[in-house]
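Below are the chains, spelled out letter by letter.
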Amino acid sequence: MTANHVPADTLDIAIEGMSCASCVGRVEKAIRSVEGVLAANVNLATEKAHVEFAPSAATPAAVAEAIRAAGYEPSDSAMELKITGMTCASCVNRVERALKRVPGVLAANVNLATERASIRYLGGADMAGRLIAAVEQTGYEAEAIRADRDLADRERAAREAEIAELRRSLAISAVLTLPVFVLEMGSHFVPAIHDWVMGTLGHRTSWHLQFALTTLVLFGPGLRFFRKGVPALLRRSPEMNSLVVLGTSAAYAYSVAATFLPGLLPAGMANVYYEAAAVIVTLILLGRFLEAKAKGRTSEAIKRLVGLQAKTARVVRGGQAMEVPLDQVLAGDVVQVRPGEKIPVDGEVVEGSSFVDESMITGEPVPVQKAEGAEVVGGTINRTGTFAFRATRIGADTVLAQIIRMVEQAQGSKLPVQALVDRVTAWFVPAVMGAAALTFLVWLVFGPDPALTFALVNAVAVLIIACPCAMGLATPTSIMVGTGRAAELGVLFRQGEALQSLKEIGVVALDKTGTLTQGRPELTDFVTTPEFAEAETLRLVAAVESRSEHPIAQAIVAAAAGRGLALPSPDDFEAVPGFGISARVEGRKVDVGADRFMAKRGLSVAAFADTAARLGAEGRSPLYAAVDGRIAAIVAVADPIKPSTPEAVASLHALGLKVAMITGDDRRTAEAIARRIGIDEVVAEVLPDGKVEAVKRLRQAHGRIAFVGDGINDAPALAEADTGIAIGTGTDIAIESADVVLMSGDVRGVVNAIALSKATIRNIRQNLFWAFAYNVLLIPVAAGVLYPVDGTLLSPIFAAGAMALSSVFVLGNALRLRRFKAPIASMRAASPAARTVEGVA
């Protein structure tokens, strides 16, 4: 696993106008050429660029200009802040400078009279918090009074506008193309239409009508291809639009010459191909329309996560409760929540109590009781009572915002397999143009009569059938859908690369405490002799243990409290290091300790020989209790194994993986646990540093390794493993050492993460196979390699249809991941998606 290095400045920029993998490569190259840019990752599916700047070298305006120079349009946003505390022009300058230093800000204008700052910026939903923080660091206060629109609403509106525009263009193009197609193709294949055209319209009139309609198609709905494709050709950086422009223009120009200047063409070669140009535009618009709709579905996971956020909050200010937009909640505000409402931000309960459904974060179906002092998480749902809490984390700092950010980052990342795609697409479009030129020349020189017609038609077919779109969408769409589905199952991929690395692991190493076990000692065995009542004996023992801070003592006291036993205060408390403790409780002498402590007191523990042997075989060290000089009970405290652990281990074995346990416990206890749950290999009695060496040894023995831990004391091992998986609840999700984070404490999530990794990589390989095989096989067919064998030629019209459907096929295949089923059915039932995210297949 690579080191988790986070640059000082990062920025996500929405980009309009990209249509294929060549666009991606060109935009990335343009951004990387800007001074101060460390890295740029452009994603065709999300239509965003993730840019990393050197510290204090952020130049977003230069990046925006570089994107425009490459022929694309960066999408910026506007925001207004209310600034308080300014008194003079010097204050204005100070605030403006602070705002302009924030990565992504293109312009900032501060008005002293209105106490407002108008900012134009590149970036996402976290910009409001970053801008406010910049102002506050200069000594003033800021509050967002207007964002031009919520980020999710803005992106949804942009997507809907794009789909509406494509639908309108497609409808117009189809209406204009249909007569052209009927006039030309109908005349060739339907005798009645041929007779009608010749007898009513006439041959020349038919061509003139086709010319008029095709011109409207090309320079109406089809103008979008020329606007992008021609500038790209002039910059010597052709892309998919350029191929469409060349193909349709060649067919159109030849037809115009045949219609109006037939003398320029060789005798017998004055034919028209208006229907090819018009149908190509219509079919490609159809493909773009279907592609845009499919793209919208790939990002549904993010939309649903954003939808979990409350829109407003009821904040107490000046003694009055008032509804305010979510972005106006400030840290320290007291927020009221009523039954059935979403908790707007993270905070700490200060008044009242209730039961809160936290399944969105933890995956646990049972609502959790919240009382004064308890932490609450934004996006969770208040079920019963009314309470008030103090906001502690707002905006981009909330747990839900961190989840959304993790999913976005994973969706925008590139897998190692994408490197091959990038290398191929860098030369793909120029190679296709070269292939089309070669096709034209070969048919012109060696083709049958009319050679020029054959040469033109086949060259146009080569240009049109090539589909860099499918190649560019093959990987990112699968990543988007796969990581989104994972989030719905409670699995967060912090690093997109983990999708690929998880598939390749050979061994899963698990920390014991808190991962395989509950992480807190519990009283597991309390057996009394016939002379003593269990409840009364437990009450006496717990009373003595209440004076001790040892975890075992705390577990015994917790067990007594759980049974509702009232504990008296002990007297004459005495601790004997290495042996046990004793005290007097309500006048009765109580001793608790190991067998050697009982022997020291002259007491035999033979009555519990069988029970002690069983506990020893299970790796539990028994304690004994004596009351008034008589052996009363045998006691065992252990960190219980999670109920889900055996099933998880069995499922990992079913995936063909070795399972190891790394723990600091003594070997006897560790091996006893391993036998119970089916662990293959045990590494015991290791410190945190020793876990790193254990990970290295396991890698040498079994190949690539995934380490699963709680993300705190296991951080070194998580960082050393090829894939680090952190298990934690909502407050632990920002663990920096892990590649994958499980939102709940259920180790079965590891199985789901690995299974989803395998499904996603399989889906990517299917997409890449289709994209490459499609182009490798059909480009030669379009060039006419089968003509000498069986006379097969591919019409440009069929080439356009195949090209349009290629991208749709890739997107449709990626969307199948939305139906991914968790291997362990009970995990799916308890998943956040099953309850808070509706409509997931």
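Sequence order as written defines the numbering, with residues in each chain counted from 1. Predicted model: local features are reported for residues with pLDDT of at least 70 only, side-chain atom pairs are reported and counted for 80 or more only, and whole-chain, interface and lining totals are derived from all residues. Remark: hydrogens and water are excluded; side-chain values derive from all non-hydrogen atoms of the structure.

The protein has the name Heavy metal translocating P-type ATPase in an unreviewed UniProt entry, where Microvirga arsenatis is given as its organism. UniProt positions are given in the numbering used here, feature names are shortened, and annotations may be inferred rather than shown by experiment. Per its UniProt entry, the protein bears the Sequence similarities (unreviewed entry) comment "Belongs to the cation transport ATPase (P-type) (TC 3.A.3) family. Type IB subfamily."

Undergrad: Give me the UniProt feature "transmembrane region" (unreviewed entry) in the protein: which residues, what numbers.
TA: The positions that UniProt labels "transmembrane region" (unreviewed entry) are, in the present scheme, residues 169-193, 205-223, 243-265, 271-290, 424-446, 452-475, 768-787 and 793-815. Here a helix means four or more residues in a row that DSSP labels H or I, a strand means two or more in a row labelled E, and each is numbered from the N terminus. This span, residues 205-223, is 79% helix and 0% strand, and a straight line between its end C-alpha atoms measures 25 Å.

Undergrad: Now, about the side chain of D525: what can you tell me, with residues and values included?
TA: Position of D525 relative to the elements: it lies in strand 20 (residues 522-528). Accessibility expressed as a relative area gives 11% for D525, which makes it buried. Here a polar contact is recorded for every N or O atom pair within 3.5 Å, except that within protein the pair must consist of a potential hydrogen donor and a potential acceptor, and residues adjacent in sequence are included only if both atoms are side-chain atoms. In terms of polar contacts, D525 uses its side chain to reach the side chain of T524, at 2.9 Å. Those residues within four positions of D525 in sequence are excluded, and the remaining contacts are R614, L615, R620, I634, V635 and A636. Each residue gets one of three labels from its accessible area relative to the maximum for its type: buried under 20%, exposed over 50%, partly exposed in between, using a 1.4 Å probe on protein chains only. What makes two residues a contact is simply this: any of their non-hydrogen atoms within 4.5 Å.

Undergrad: Before we move on, can you summarise the pattern of salt bridges with the specific residues and values?
TA: Salt bridge, as used here: a side-chain nitrogen of Lys or Arg that lies within 4 Å of a carboxyl oxygen of Asp or Glu. Across all of its chains, the model carries 25 salt bridges by this definition. Here E504 ties to R704 by a salt bridge, and the two come within 3.6 Å at their closest N and O atoms. Of this pair, E504 sits in the loop between helix 17 (498-503) and strand 19 (507-511) while R704 sits in the loop between helix 25 (688-702) and strand 28 (705-709), and the two are 200 residues apart along the sequence. Its salt-bridge partner being D525, residue R614 comes within 3.1 Å of it at the nearest N-O pair. Taken together, the residues R614 in helix 22 (residues 609-617) and D525 in strand 20 connect sequence positions 89 residues apart. The partly exposed category is assigned to R614, whose relative accessible area is 35%. Taken together, the shared-partner salt bridges in this structure form one network comprising R314, E323, R338 and E341.

Undergrad: Give me the packing of helix 16 (residues 468-488) against helix 27 (residues 748-783): which residues, what numbers.
TA: Here an axis means a line fitted to C-alpha atoms, over the contact stretch when the element is a helix, while the angle between two N-to-C directions is reported on a 0 to 180 degree scale. Contact geometry of helix 16 with helix 27 gives a least axis separation of 9 Å together with a crossing angle of 165°. Regarding the angle of helix 16 to helix 27, the classification is roughly antiparallel. Here helix 16 and helix 27 pass one another in a crossing that is right-handed. On helix 27, the residues touching A470, M471, A474, T475, T477, S478, I479, G482, R485 and A486 of helix 16 are L756, T760, N763, I764, N767, L768, A771, F772 and N775. Here the residues of the contact of helix 16 with helix 27 are counted per class, giving ten nonpolar, eight polar and one charged. The labels follow the angle: roughly parallel below 35 degrees, roughly antiparallel above 145, roughly perpendicular from 65 to 115, and oblique for the rest. Should the near helix be turned anticlockwise from the far one by less than a right angle, the crossing is left-handed, and should it be turned clockwise, the crossing is right-handed. Throughout, the ten residues Ala, Val, Leu, Ile, Met, Phe, Trp, Tyr, Cys and Pro are labelled nonpolar, Asp, Glu, Lys and Arg are labelled charged, and all others, Gly among them, are labelled polar.

Undergrad: Break down a negative patch on the surface for me, with residues and values.
TA: The grouping of E348, E351, E372 and E375 at the surface amounts to a negative patch. Looking at where E372 falls in the secondary structure, it is placed in the loop between strand 14 (368-370) and strand 15 (375-376). Patches draw on residues past 30% relative accessible area with no salt bridge. Two like charges within 9 Å are joined, as are two nonpolar side chains (Val, Leu, Ile, Met, Phe, Trp, Tyr) within 5 Å. In short, Shrake-Rupley with a 1.4 Å probe defines the accessible areas, and a residue's cover is counted only from the protein chains shown. Within this scheme the basic residues Lys and Arg register as positive and the acidic residues Asp and Glu register as negative, but His and the chain ends are omitted. For charged residues, the charge sits on one atom: NZ in Lys, CZ in Arg, CG in Asp, CD in Glu.

Undergrad: Pulling in residues and values, what's your account of the sheet that holds strand 9 (residues 312-317)?
TA: Strand order in the open sheet made by the six strands is 10-9-11-17-12-15, with antiparallel pairing throughout. Since the sheet does not close on itself, it has two edges, and those belong to strand 10 (320-325) and strand 15, each with one partner. With six bridges connecting them, strand 9 and strand 10 associate as antiparallel partners. Bridging across to strand 10, V315 finds its partner in M322. We treat two strands as partners when DSSP finds at least two bridges between them.

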